[in-house]
Every structure is written in structure tokens, then in C-alpha cells.
Amino acid sequence: MPPKKFVNKRPRGRQPSKETTARKRKAAAQLMPLPPSMTLLEACAIGPQTALGYRRHAEGFAFFCASHQLDWDTPEKLDNILVTYLNQLFLDGASRSEASQVVAGIRHFSPMISSRGGSTLPRVHRALQGWTKLAPSAQRLPIPRCLAFAAAGIMIIHHHPSMAVFVMLSYVCYLRPSECMRLVGQSLVPPIRSQGRTFQSWGILVHDAELGIAGKTGITDESVLVDMDDWIFPCLQALYDTRPLNTALWDFTLDEVREMFARAIDRLEATHLQAHLYGLRHGGASHDLLSRRRTLLEVKHRGRWATDGSLKRYAKATRLQKEMD
């Protein structure tokens, strides 16, 4: 008896052509305010939200220069002024991450500096090293699986099932909060029931090139298979059946799910762990490594990490065990 053909219950609209997609992307890009002496392609090297952050930090540095009547016309002078500004930020209690954003913002708006790398600003580079030694950046700790799913359970109890799916999907697929929030209907790729065991998993298209969305490293069409957690399949099927192609997958904002997650952690009396939505990504990787569900290389590819060094923190069994105590 031939296998039953899988029928997609959701109406699928006509896929946009590459020409249409290209025109939309160009039109959207042209709406972005371009800094002086910066071309469209240079401005689009980073995402709109990142550009806004860079602009804010660069404007803070510009205000500092104006307030102290400082000016620079060479990389060497910029290096001297910027290292003074970083020292002031440090004494004012700013974070190491904020300092890095300042430097990244200035590099973005000064292409000649950006193209040459860190060697152009040697004092700034050394100052950031000293900052790290004096005030190491706080790591986002991995969230234990039991805590993540308990928080999802509380969300369901309080009538927020879609938020619970957001939490569980972020955990099993190692998704960053912003990545999971950007998913739309066409980001879900269903199994092909008639094609054997190889194609029985759901796929998540994380950065869809047709939508002009690139990942943190600028790569599009990154994907993740939901291959070991078939208990979540009915949830994905329900979303797939009810969300049109270009409609957001979620009916809430990132701030709303962040607040509800914090409430759930508080309800579980686990606020001392300082659990954050980003910890779901780290927690999923740690769980799969320590439970030997996946190899280090498999976790690296699944999480789309560029280097092995990024994974070292996730292989520390004692750290995760202490959080579960």
C-alpha cells in the first residue's frame, strides 16, 4: 500500500520572484539614512537595529569631543581621544560590552579605520584588554532544561501557550531571542511524509534570504532541524496551519515574552540564577553536549558558532550542575 501523501492544510500563496524580492530589499535599504560619505552597500553591511545602536554610541563619543573641544583628523589622534573616552566610561560604571559597541560604532562610521582592523587603534585595543581584566564581562549562563520547561509550563497555566512554544523552540534549536522573534510563517518547513525517515523532521529557516534577513555573521538561509524532539511537532504544525507565509509567527513582542519569562522564573524561586532568554540558547547547547545527545561538532553547526572557543563554556558540567542544585 503506497504511503499516504502529506497534505499541507495551510493555503500557500505564490512565492515572490527573485526580481520582486530584490526590488523590495533595495527600496527598504534606500529608506535607511546614510551617513556622509557612506554608500548604500556599506550602510547595509549591518542590520538596521545594529546601525541604530552604533549611531547612538558614536553620537555619545561625538558629544564628548564637542564638550571638551577635541578634534581628530588622523587615526593616531582618534586613538588618543577615544582611549580617554573609554577611561571615562569605565570610571562612570559602563560595561565592557558598551565600550566595545562604542569602538564598533566608530569603526562603522569611519570605513578607513574599519578596513584596517584593530592595529589602527593600538591604545584602544590595549585599553579594552585592560578593561576585561579589571571587570570581566558577565557570561550569560546556560539555563537547565528542567528550569526552561518549567517556565514554559507556567506560561501555559497563565494562558500564554505561544510564549511557551517560543521558549521551548529557542531551547531545542539554540535560537537567539531576536532570531526566534523574527520567524514568520514560511520559516517553518514541514516534514515530507512520503519520502522516508530522512525527511521526517521539521526544519526552521532562521535567516530567510527572500526576506532580506541575515544572521549575526551576515549569512542567510541558515537552518536548524528539529530532529530529536518530536514532542514539539504538534505545536509547530498548529503554527504552520494558522500563520500565512509572511506573517509573524508570534502574537507578542520580545519585551512581552521577556517579561513573562522573568515572572515565571520568579514564580519558580530561581531569580538567583539571573536567567535570561539568551540562556535558552546556551542551555540547549549545554544539555545536548553533557547528555551526549550530540557531538561538539554537531552542536557547533547547530548553533552556527564560527569557532570552537565559543563552545568551551557550554561543556562545563560542574557549572550546569551547580545551577540545578
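What you see is a predicted model; the values in this text were computed from it and never measured. (Residues numbered from 1 in each chain as written. Predicted model: local features only at pLDDT ≥ 70, side-chain atom pairs only at ≥ 80, totals over all residues. Heavy atoms only, no water.)

Caption draft 1: Here's a closer look at unusual backbone geometry. In this structure, Gln69 is a non-glycine residue whose phi angle is positive, near 55°. Residue position: Gln69 is located in the loop between helix H3 (48-67) and helix H4 (75-91). The exposure class of Gln69 is exposed, given its relative accessible area of 75%. We note that Arg292 has phi near 60°; this positive angle belongs to a residue other than glycine. When its relative accessible area of 75% is taken as the criterion, Arg292 is described as exposed. (Helix = DSSP H or I, 4+ residues; strand = E, 2+ residues; numbered from the N terminus. Buried < 20%, exposed > 50% of the residue type's maximum accessible area, 1.4 Å probe, protein only.)

Caption draft 2: Looking closely at the packing of helix H13 (residues 278-290) against helix H14 (residues 296-303). Between H13 and H14, whose axes approach to 10 Å, the crossing angle comes to 160°. By the angle between their directions, the pair H13 and H14 is classed as roughly antiparallel. You can see that H13 and H14 cross each other, and the crossing is right-handed. Taking contact as the criterion, the partners of Arg281, Ala285, Asp288 and Leu289 in H13 are, on H14, Leu296, Val299 and Gly303. The class makeup of the residues in the contact of H13 with H14 is four nonpolar, one polar and two charged. (Axes fitted to C-alpha atoms, helices over the stretch in contact; angles between N-to-C directions. Parallel < 35°, antiparallel > 145°, perpendicular 65-115°, else oblique. Left-handed = near helix turned anticlockwise from the far one by under 90°. Contact = heavy atoms within 4.5 Å. Nonpolar A, V, L, I, M, F, W, Y, C, P; charged D, E, K, R; others polar.)

Caption draft 3: Main features of the environment of Pro191. For Pro191, the position within the fold is in the loop between strand S1 (188-189) and strand S2 (202-205). Along the primary structure Pro191 and Gly203 are separated by 12 residues, whereas in three dimensions their C-alpha atoms are 7.7 Å apart.

Caption draft 4: Molecular detail of the pairing of strand S3 (residues 223-226). With burial as the criterion, only one face of S3 is covered, namely that bearing Val224 and Val226; the residues Ser223 and Leu225 on the opposite face remain uncovered. With four bridges connecting them, S2 and S3 associate as antiparallel partners. Residue Trp202 lies in a different strand from S3, and its bridge partner there is Val226. (Pairing = 2+ DSSP bridges.)

Caption draft 5: Local environment of the packing of helix H9 (residues 161-173) against H13. Remark: H9 packs on H13, axes separated minimally by 6 Å, with the N-to-C direction vectors making an angle of 45°. When the axis of H9 is compared with that of H13, the two are oblique. Crossing of H9 over H13 shows right-handed handedness. Residues Val167, Ser170 and Tyr171 of H9 touch H13, and the partners they reach there are Leu280, Arg281, Gly283, Gly284 and His287. The residue makeup of the contact of H9 with H13, split by class, is three nonpolar, four polar and one charged.

Caption draft 6: Molecular detail of the pairing of S2. The two faces of S2 match: Trp202 and Ile204 on one face and Gly203 and Leu205 on the other face are all buried. Strand direction decides the pairing type here: S1 and S2, joined by two bridges, are antiparallel. Across the sheet, the residue bridging to Val189 is Gly203, located in S2.

Caption draft 7: Seen up close, the packing of aromatic side chains. Across all of its chains, the model carries 10 aromatic pairs by this definition. A centroid spacing of 5.7 Å and a plane angle of 75° characterise the contact between Phe149 and Tyr171, whose relative ring orientation is edge-to-face. Placement of Phe149 in helix H8 (residues 145-157) and of Tyr171 in helix H9 is noted, with a sequence separation of 22 residues between them. Look at Tyr171 and you get buried, because its relative accessible area is 1%. When the ring of Phe166 is compared with that of Phe252, the centres are 5.8 Å apart and the planes differ by 75°; the resulting orientation is edge-to-face. (Phe/Tyr/Trp six-rings, centres within 6.5 Å; stacked < 30°, edge-to-face > 60°.)

Caption draft 8: Examining H3 more closely. For H3, built from 20 residues, the straight-helix expectation of 28 Å at 1.5 Å per residue is met to within 8% by its first-to-last C-alpha distance of 28 Å. When we look at burial in H3, the residues that qualify are Ala51, Gly53, Tyr54, His57, Ala58, Phe61, Phe64 and Cys65. Looking straight down H3, one finds that the buried residues subtend no more than 165° of arc, so they occupy a single side. Exposed residues pointing more than 90 degrees away from the buried face of H3 are listed as Pro48, Gln49, Leu52, Arg56, Phe63 and Ala66. (Expected span 1.5 Å × (residues − 1). Arc of directions from axis to C-beta.)

Caption draft 9: Looking closely at the confidence of the model for the chain. Overall, the predicted model of the chain reaches an average pLDDT of 80, with 75% of residues at or above 70. Averaged pLDDT values over the elements of the chain bottom out at 50 in helix H1 (residues 18-30) and peak at 96 in H9. The low-confidence segment residues 214-218, where pLDDT is below 50, has nine contacts with residues more than four positions distant or belonging to other chains. (pLDDT = per-residue confidence, 0-100.)

Caption draft 10: Highlighting H13. For H13, with 13 residues, the first-to-last C-alpha span of 19 Å sits near the 18 Å given by 1.5 Å per residue. Burial runs high along H13: 11 of the 13 residues are buried. Among the residues of H13, Tyr278, Gly279, Leu280, Arg281, His282, Gly283, Gly284, Ala285, Ser286, Asp288 and Leu289 are the ones counted as buried. Looking at the residues trailing H13, positive phi occurs at Arg292, about 60°.

Caption draft 11: The side chain of Asp229, seen in detail. Structurally, Asp229 can be placed in the loop between S3 and helix H11 (233-242). On the basis of relative accessible area, Asp229 is assigned to the buried category, the value being 2%. Side chain to side chain, Asp229 and Arg293 meet in a polar contact 3.3 Å long. Ignoring any residue separated from it by four or fewer positions in sequence, one finds Asp229 in contact with Arg145, Val172 and Arg293. (Polar contact = N/O pair within 3.5 Å; in protein donor to acceptor, adjacent residues only side chain to side chain.)

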